[in-house]
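If you want the building blocks of each chain, they are given just below.
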Amino acid sequence: MIDLSQTGSGLDGYALMTAQLEALLSGERDFIANAAQFSAFIYHELEGLNWAGFYLVKDDELVLGPFQGKVACVRIAFGRGVCGAAAASRQTQRIEDVHAFPGHIACDSASNSELVVPLVKDGRLIGVLDLDSPRMGRFSEVDQRGIEGLAAVLLRASDC
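Predicted model only: the values in this text are computed from it and were never measured.

Description of the packing of helix α1 (residues 13–25) against helix α4 (residues 141–157)
- The contact between α1 and α4 brings their axes to 10 Å, and the two run at 15°. Looking at the two axes, α1 sits roughly parallel to α4. Crossing hand, α1 versus α4: right-handed. Residues Tyr-14, Met-17, Thr-18, Leu-21, Glu-22 and Leu-25 of α1 touch α4, and the partners they reach there are Val-142, Asp-143, Gly-146, Ile-147, Leu-150, Val-153, Leu-154, Arg-156 and Ala-157.
- Here the contact of α1 with α4 is composed, by residue class, of ten nonpolar, two polar and three charged.

This is how it looks when you write it as structure tokens:
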């Protein structure tokens, strides 16, 4: 486990979150357990979120996985909505205004912006990490890089 008091000065923002997440997931390899911990961690550590969680690939579609927030859509087809677009393209989707996104799926009408990171391990799509915010334009390029880094920590720490 990482002793955060011994990490040195200047550790803040996503660098601190990365160290915390590595410590949180240390010693556990189960993907579902780690995804549940991850979603709770990020939901409570990042400001301005109303949903944080996972959709996992099952039988050529995305199926709801561990999350924090209000109830959500259970199944999403590849290519449909922001999550489906991220899964189909295997590229992060950072959407400033979800209402302007063609085919947006409104699971929570309070959501106004979204960041979805595809989870790819050994060339295989595992699922997507989905973050929603009630604030327009909540996610910056810095957030995108930071969240992509955190997702990489989850994938390295987990058997999936």
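Observations concerning the packing of aromatic side chains
- A complete count under the given rule lists four aromatic pairs for this structure.
- Plain terms: the ring middles of Trp-51 and Tyr-55 are 5.9 Å apart, the flat faces sit at 25° to each other, and that makes the pair stacked.
- The class for Trp-51 is buried, based on a relative accessible area of 5%.
- Judged by its relative accessible area of 2%, Tyr-55 is buried.

Some words on the sheet that holds strand β5 (residues 113–121)
- With antiparallel pairing, six strands are arranged side by side in an open sheet as β3-β2-β1-β6-β5-β4. The open sheet terminates on both sides in strands that have one partner only, identified here as β3 (75–77) and β4 (93–95). For this sheet the average axis-to-axis angle between neighbouring strands, irrespective of direction, equals 25°.
- Here seven bridges tie strand β1 (residues 51–58) to strand β2 (residues 61–69), and the two strands are oriented antiparallel to one another. Counterpart to Trp-51 in the pairing with β2 is Gly-69.

Examining the pattern of salt bridges
- Applying the stated criterion across every chain, the model contains three salt bridges.
- Close ionic contact of Asp-159 with Arg-29 constitutes a salt bridge, the shortest N to O distance being 3.0 Å. Of the two residues, Asp-159 is situated in the segment after α4 and Arg-29 in the loop between α1 and α2 (31–45); the sequence distance between them amounts to 130 residues.
- A salt bridge links Arg-75 to Glu-61; its shortest N-O distance comes to 2.7 Å. Of this pair, Arg-75 sits in strand β3 while Glu-61 sits in strand β2; the two residues are 14 residues apart in sequence, bridging distant segments of the chain.
- Arg-75 gets classed as exposed once you look at its relative accessible area, which sits at 51%.

Definitions and limits used
- Residues numbered from 1 in each chain as written.
- Predicted model: local features only at pLDDT ≥ 70, side-chain atom pairs only at ≥ 80, totals over all residues.
- Heavy atoms only, no water.
- Axes fitted to C-alpha atoms, helices over the stretch in contact; angles between N-to-C directions.
- Helix = DSSP H or I, 4+ residues; strand = E, 2+ residues; numbered from the N terminus.
- Parallel < 35°, antiparallel > 145°, perpendicular 65-115°, else oblique.
- Left-handed = near helix turned anticlockwise from the far one by under 90°.
- Contact = heavy atoms within 4.5 Å.
- Nonpolar A, V, L, I, M, F, W, Y, C, P; charged D, E, K, R; others polar.
- Phe/Tyr/Trp six-rings, centres within 6.5 Å; stacked < 30°, edge-to-face > 60°.
- Buried < 20%, exposed > 50% of the residue type's maximum accessible area, 1.4 Å probe, protein only.
- Pairing = 2+ DSSP bridges.
- Salt bridge = Lys/Arg side-chain N within 4 Å of Asp/Glu carboxyl O.

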